[in-house]
2 protein chains.
Amino acid sequence: MTAVLVIDDDPYLLRALRITLQAHGYAVSTAADGRSSLLAARQNAPAVVILDLGLPDLDGTSVIRELRSWSPVPILVLSARHGSEDKVQALDAGADDYITKPFGLDELLARLRALLRRSIDPEQTPVITTDAFTVDLAKRVVLRDGRDVRLTPTEWHMLEILVRNPEKLVTQQQLLSEVWGPSYAKETNYLRVYIAQLRRKLEPDTSNPRHLITEAGVGYRFRP
Amino acid sequence: MTAVLVIDDDPYLLRALRITLQAHGYAVSTAADGRSSLLAARQNAPAVVILDLGLPDLDGTSVIRELRSWSPVPILVLSARHGSEDKVQALDAGADDYITKPFGLDELLARLRALLRRSIDPEQTPVITTDAFTVDLAKRVVLRDGRDVRLTPTEWHMLEILVRNPEKLVTQQQLLSEVWGPSYAKETNYLRVYIAQLRRKLEPDTSNPRHLITEAGVGYRFRP
DNA sequence: GCCTATCTTGACGAATCCTTGACGCCGTTG
DNA sequence: CAACGGCGTCAAGGATTCGTCAAGATAGGC
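Now for a look at the structure at hand.

1. Description of the pairing of strand E12 (residues 219-222) of chain B
Residue and element names in this part refer to chain B.
Item 1. Sheet topology note: the strand E10 (residues 169-171)/E12 ladder contains three bridges and is antiparallel. Looking at E12, one finds that valine 170 is bridged to tyrosine 220.
Item 2. Here strand E11 (residues 212-215) folds back onto E12, and the loop between the two strands holds three residues, one of which, glycine 217, carries a positive phi near 80°.

Right, dumping it as structure tokens:
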């Protein structure tokens, strides 16, 4: 049976979630604050974690970071605020998905299913092909016109992130914190330099990129 | 059968609504003041709430806030006054839609259906489709006629808020404080400019918008 | 120590995006 | 009828952000 750990300090919401999740076949364990939740996560080894950001003792993002330091378990975040700042912070810290309160229980269940589905097969096809080049994620090789393209470690790291999320917009912060670390969140000129190098090596027409698309002010997107 | 909770202190209106709603296949429960209505909402778990603002004991916005603190149930507000102040207050407190008395029963039924449609489909996949365009919230992509539409960060931010709340009337203040920050609450010209740009990019007939609807003096609404 | 590959940093026009004001239209009010 | 407020439209600036280049800085191999 799938094990779920629910972390929330609101006893009513905790009870409601426990009942609903158990009714849908999950094994539920709960925690009401950050410290005990970290213990519970180590002991129960849940398949997915549901975390409320408004905890009494620890900051929500700290809990996420602690968890992420030793476990890849999917984390679904609940928050009362509608603003997008804490959303971005939580996702940057390593959360996988996000719901704003109040939310419908069917929506919660749907997102839970989606997270579990994703964690079961994390690597679909390790080979991505476009009409200009081919990326083999397993072999760490990029081919263009039959010959392989030399990429530096940093170039490869950036390309890998973009290619693993086809069609999806990857935030500047996501790229920076993934490649250079969270403290480089404002060095957007790094991105400009390396995107330019990737384009020069991969795009047929450098000044008219068709696969590495920039979204001004937000981030970049890979289009197959 | 769909459960509706009607909250009103006028016995005649209450009786008329009960009869009409039951005749259209709804299961109706009623309450005549704020306190008993909150109890009834917890016990009956209605699919939608119809709330008259002029209650004897509690302020209407307080009832909305109480409900919203634990439930995402759609709230349809009735009010006698024609002014837009209480309208905006109720919507800011978390109401979903609004009708001014006196109102036609067919209009009430139409709005009820619209709100229920929204609550039945709680964005299982974060993809919203209309007959003119498709919004993918996860990938941050908008498709129209198969091609993707290029949106600026601010345009996307506004569209996301509206699309995440289908059929809901979103206040000007809600949009402004979410996108530009709380101190921009009176710069309604921003809304006019960006709504116009969104319509130009998304609506088939710009001068006759069918999905991005403006409610004069109050706000905007997304209709799927 | 020297050489090479890679990464960092700064600067500059160019492209994109946001802000702001003006104008006309429409429905409502007095 | 005239005045008014809310809305849609447009375009011109000003502010950000992007692409590009090249010159140090750093690290690793020989």
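2. Remarks on the protein's contact with DNA strand D
Item 1. If you check the shell around DNA strand D, you find 18 residues, and the closest are Arg199(A), Thr214(A), Arg199(B), Thr214(B) and Gly217(B).
Item 2. Sugar plus phosphate, as a fraction of atoms of DNA strand D within 4 Å of the protein: 57%.
Item 3. Contact between DNA strand D and Gly217(B): a phosphate oxygen at 2.6 Å from a main-chain N or O atom of the residue.
Item 4. For the surface near DNA strand D, the secondary structure elements donating two or more residues are helix H8 (188-202) of chain A together with helix H8 (188-202) of chain B.
Item 5. Class assignment of the residues belonging to the surface near DNA strand D gives a composition of seven nonpolar, seven polar and four charged.

3. Some details on the side chain of Asp96(B)
Item 1. Looking at the secondary structure, you find Asp96(B) in the loop between helix H4 (85-93) and strand E5 (97-100).
Item 2. Excluding residues within four positions of it along the chain, Asp96(B) makes contact with Arg68(B), Val73(B), Pro74(B), Ile75(B), Leu91(B), Leu115(B), Arg118(B), Glu167(B), Lys168(B) and Leu169(B).

4. Description of the protein's contact with DNA strand C
Item 1. The environment of DNA strand C is made up of 16 residues, and the closest members are Thr152(A), Thr154(A), Tyr190(A), Thr154(B) and Tyr190(B).
Item 2. In DNA strand C, atoms within 4 Å of the protein come 90% from sugar and phosphate.
Item 3. The contact in question runs from a phosphate oxygen of DNA strand C to an N or O atom on the side chain of Tyr190(A), over 2.3 Å.
Item 4. Where the surface near DNA strand C is concerned, the elements lending two or more residues are helix H6 (153-164) and H8 of chain A together with helix H6 (153-164) and H8 of chain B.
Item 5. Looking at the surface near DNA strand C, its residues break down into 11 nonpolar, four polar and one charged.

5. Some remarks on the pattern of salt bridges
Residue and element names in this part refer to chain B.
Item 1. Tallied over the entire structure, the rule returns 18 salt bridges over all chains.
Item 2. A salt bridge links lysine 101 to aspartate 52; the nearest nitrogen and oxygen atoms lie 2.7 Å apart. Residue lysine 101 is located in the loop between E5 and helix H5 (105-120), and its partner aspartate 52 is located in strand E3 (residues 48-52); the two are separated by 49 residues in the primary sequence.
Item 3. We note a salt bridge from arginine 68 to aspartate 96, for which the minimum N-O separation is 2.7 Å. Here arginine 68 is found in helix H3 (residues 60-68), whereas its partner aspartate 96 is found in the loop between H4 and E5, with 28 residues between them in sequence.
Item 4. Connected through shared salt-bridge partners, Asp97, Glu107, Arg111, Glu215 and Arg221 make up one network.

6. Structural notes on the sheet that holds strand E6 (residues 127-129) of chain A
By definition, the strands of a sheet pair up through backbone hydrogen bonds, in either a parallel or an antiparallel sense.
Residues and elements named next belong to chain A.
Item 1. The sheet built from four strands is open, its strands ordered E6-E7-E8-E9 with antiparallel pairing. The open sheet terminates on both sides in strands that have one partner only, identified here as E6 and strand E9 (147-148).
Item 2. Direction of pairing for strand E8 (residues 141-144) relative to E9: antiparallel, over a ladder of two bridges. Pairing of leucine 143 across the sheet is with aspartate 148, part of E9.
Item 3. Packing against the sheet, H6 makes contact with E6, strand E7 (134-136) and E8, and its axis sits at approximately 100° to E7.

7. A closer look at the sheet that holds strand E11 (residues 212-215) of chain A
Residues and elements named next belong to chain A.
Item 1. Here we have three strands laid out as an open sheet, ordered E10-E12-E11, and antiparallel in their pairing. At either margin of the open sheet sits one strand with a lone partner, and together these are strand E10 (169-171) and E11. Ignoring which end each strand starts from, the neighbouring axes of this sheet average 30° apart.

Here is what the cut-offs are and how they apply
Per chain, residues are indexed from 1 in the order of the written sequence. Whichever chain is written first is A, and whichever ligand is written first is 1; the rest continue in order. It should be noted that, the model being predicted, local features are given only for residues of pLDDT at least 70 and side-chain atom pairs only at 80 or more, the latter also being counted only at that level, while totals for whole chains, interfaces and linings use all residues. To obtain the side-chain values, all non-hydrogen atoms of the structure were used and water was disregarded. Strand pairing is defined by DSSP finding a minimum of two bridges between the two strands. The helix and strand labels rest on DSSP assignments: H or I over at least four residues marks a helix, E over at least two residues marks a strand, and numbering proceeds from the N terminus. Here a residue is near a molecule or strand as soon as one of its heavy atoms is found within 4 Å of it. Any pair of nitrogen or oxygen atoms within 3.5 Å is treated as a polar contact; in protein, a donor-acceptor pairing is required on top of that, and neighbouring residues in sequence qualify only through side-chain atoms on both sides. Each residue is assigned to one of three groups, with Ala, Val, Leu, Ile, Met, Phe, Trp, Tyr, Cys and Pro labelled nonpolar, Asp, Glu, Lys and Arg labelled charged, and all others, Gly among them, labelled polar. Only heavy atoms enter the contact rule, under which two residues are in contact if any of them lie within 4.5 Å. What counts as a salt bridge is simple: a side-chain nitrogen of Lys or Arg found within 4 Å of a carboxyl oxygen of Asp or Glu. All axes here are fitted lines through C-alpha atoms, helices being fitted over the stretch that makes contact, and every angle between N-to-C directions spans 0 to 180 degrees.

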